[in-house]
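# Chains, contacts and geometry: an overview
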Amino acid sequence: MRFVAAAGAGLLVLALAGCDGARAPAGQEAMAAAEAPLPEPVLEKMEAQPLRARAEAALREQRLHTPAGDNAVEYYLALREREREPDAGVAAALAELQPYVLIATEQALGQQQLDEARRLIGLLARMDVHAPALPRLRESLRVAQERADRDEGARSVDATRAATPVPAPVSATPAPSAAVASTVPPSAPLPAPAAPVAATPAPAPEPVAPKNPPQDAAPPAVAARVEPAPIAMPRLLRDAAPRYPLAARNRRIEGRVQVAFTIQPDGSVSDVRSVSAQPEGLFEQAALAAAARWQFEATPRRVSGMRTVTFSLPPDPNG
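Residues numbered from 1 in each chain as written. Predicted model: local features only at pLDDT ≥ 70, side-chain atom pairs only at ≥ 80, totals over all residues. Heavy atoms only, no water.

### Some remarks on the overall build of the protein
What counts here: A run of H or I in DSSP counts as a helix once it spans at least four residues, and a run of E counts as a strand once it spans at least two, with each numbered from the N terminus. Any two residues whose heavy atoms approach within 4.5 Å are treated as being in contact.
A count of helical and extended segments in the protein gives 11 helices and six strands. Excluding contacts between residues fewer than 6 apart, the proportion of contacts in the protein whose partners are at least 24 apart in sequence is 73%.

### Looking at the packing of helix α7 (residues 114-127) against helix α8 (residues 134-163)
Heads up, the condition is: Only the contacting stretch of a helix is used when fitting its axis, a line to C-alpha atoms as for every element, and angles between N-to-C directions run 0 to 180 degrees. Comment on the angle field: the value is read as roughly parallel under 35 degrees, roughly antiparallel over 145, roughly perpendicular from 65 to 115, and oblique elsewhere. Each crossing is labelled by how the near helix is turned from the far one, with a counterclockwise turn of less than a right angle marking it left-handed and a clockwise turn marking it right-handed. For this scheme, ten residues count as nonpolar: Ala, Val, Leu, Ile, Met, Phe, Trp, Tyr, Cys and Pro. Four count as charged, namely Asp, Glu, Lys and Arg, and the remainder, Gly too, count as polar.
It is the contact of α7 with α8, at a shortest axis distance of 11 Å, that shows an interaxial angle of 160 degrees. Viewed along their axes, α7 and α8 adopt a mutual orientation that is roughly antiparallel. In this structure, α7 crosses over α8, and the sense of that crossing is left-handed. Packed against α7, whose contacting residues are L114, A117, R118, I121, L124 and A125, the element α8 presents L134, L137, R138, L141, A144, Q145 and A148 at the interface. The residue inventory of the contact of α7 with α8, partitioned by class, reads 10 nonpolar, one polar and two charged.

### A word on helix α5 (residues 72-82)
So the rule is basically this: Any residue under 20% of the maximum accessible area for its type is buried, any over 50% is exposed, and the rest in between are partly exposed; the area is computed with a 1.4 Å probe on protein chains only.
Counting buried positions along α5 gives eight out of 11 residues, so the element sits mostly inside the fold. Along α5, the residues that are buried comprise A72, V73, E74, Y75, Y76, L77, A78 and L79.

### A short note on helix α11 (residues 284-291)
Along α11, seven of the eight residues are buried, which leaves the element largely enclosed by surrounding structure. By the burial criterion, the buried members of α11 are E284, A286, A287, L288, A289, A290 and A291. Taken together, the buried residues of α11 touch α6 (88-110), β3 (255-263), β4 (269-278) and β6 (303-311).

### Re the nonpolar core
Quick reminder of the rule: Remark: nonpolar core denotes a set of buried residues (Ala, Val, Leu, Ile, Met, Phe, Trp, Tyr, Cys) joined through side-chain atoms within 4.5 Å.
Y76, L97, V259, F261, W294 and F311 are the most contacted members of the largest nonpolar core, which has 62 residues in total. With 11 residues, α6 is the largest single contributor of residues to this core. Among all residues touching V259, those that are not within four sequence positions of it are V272, R273, V275, A287, L288, A291, G305, M306, R307 and V309.

### Here's the deal with the environment of P315
By secondary structure assignment, the location of P315 is in the segment after β6. Judged by relative accessible area, P315 falls into the exposed class, the value being 74%. Along the backbone, P315 and R252 are 63 residues apart, and their C-alpha atoms lie at a distance of 9.8 Å.

### Thoughts on the packing of aromatic side chains
Rules: Here a Phe, Tyr or Trp ring, Trp counted by its six-membered ring, pairs with any other such ring whose centre lies within 6.5 Å, and the pair is stacked when the planes are under 30 degrees apart, edge-to-face when over 60, and tilted otherwise.
Enumeration over the complete set of coordinates arrives at five aromatic pairs. With centroids separated by 5.8 Å and ring planes inclined at 85 degrees, the aromatic side chains of Y244 and F283 adopt a geometry described as edge-to-face. Here Y244 is found in the loop between β2 (236-238) and α10 (246-250), whereas its partner F283 is found in the loop between β4 and α11, with 39 residues between them in sequence. By relative accessible area, Y244 is classed as buried at 2%.

### Things to note about the packing of helix α4 (residues 48-60) against α5
Where α4 meets α5, the closest approach of the two axes is 8 Å, and the angle between their N-to-C directions is 155 degrees. Of the possible angle classes, the one that applies to α4 and α5 is roughly antiparallel. Crossing angle aside, the handedness with which α4 passes α5 is left-handed. Contacts between α4 and α5 involve A48, L51, R52, R54, A55, E56, A58 and L59 from the former and A72, Y75, Y76, A78, L79 and R82 from the latter. Of the residues that constitute the contact of α4 with α5, the class distribution is 10 nonpolar, no polar and four charged.

### Some words on unusual backbone geometry
In this structure, the amide linkage connecting T66 to the following residue, P67, adopts the cis form with an omega of 0 degrees. For the bond running from Q278 to P279, omega is -10 degrees, close enough to zero to count as cis. By the secondary structure assignment, P279 is in the loop between β4 and α11. Notably, Q112 is not glycine yet its phi reads approximately 60 degrees, a positive angle. Along the chain, Q112 turns up in the loop between α6 and α7. For R252, which is not glycine, the phi dihedral falls at a positive 55 degrees. Tracing the sequence through the fold places R252 in the loop between α10 and β3.

Pasting the structure below:
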């Protein structure tokens, strides 16, 4: 599977199609104003043009969904809320950024960063309240939060037990023999010694014959476990072109990423991860975002899959 640069660049161009220069602030002052992060109250009151400039700057600098309050997703969401009529460029930008938010959420859940996962799930719900992955992510967050609460409770109990002093055992000390002797009156007659009793030897134990196991006893049966038959790779119903990284396109670098993933029973893709990449550190994020948008046929149960995403450029017309 090969993806040309035009396919990857098309989404980026579409995302910025509604961001024409006539509506964006021009000049060095406007560019400098788009660099500093904004507090939330200021972001809510900002007009459309400054929001558009900040969204474009965050997209160029790969601040897609982090840091909180200063990323492309939040700027585009705020811009969509300011527009009285739907903007095709803003809608396309949010659709392109949605897989990146999905992957970041799964990674935050895997690393037990529950606060970050909660923030990203909130962003995903604002982007598309009907996103197919939302119920699964919310359930994963609920389970992870319950597990974290149980672990915290167990640590609190252990700390309380460690801080509670253990009382020393009390042993009964017999009274000295002199004190006992002093309680006997001096005039009391001493008891006569008891007559010796002849010791009777105990009867010798009868020998017990060893019990031999029956010769015809059958060995215990070994339970056999039947493994379910593997399911063939479901058919791909919807592919997705990756967004060609701007740095790689400008330097005319090509590469490929081997992606592993899990196909859910409804055909959606989850648990997307990079297995290998050539070169490393350049194409992985774009490949994972594209893989999150794949759609396969429905399956009886979850299926593990693997594909290779190739990034290729057309021949340079300048030779």
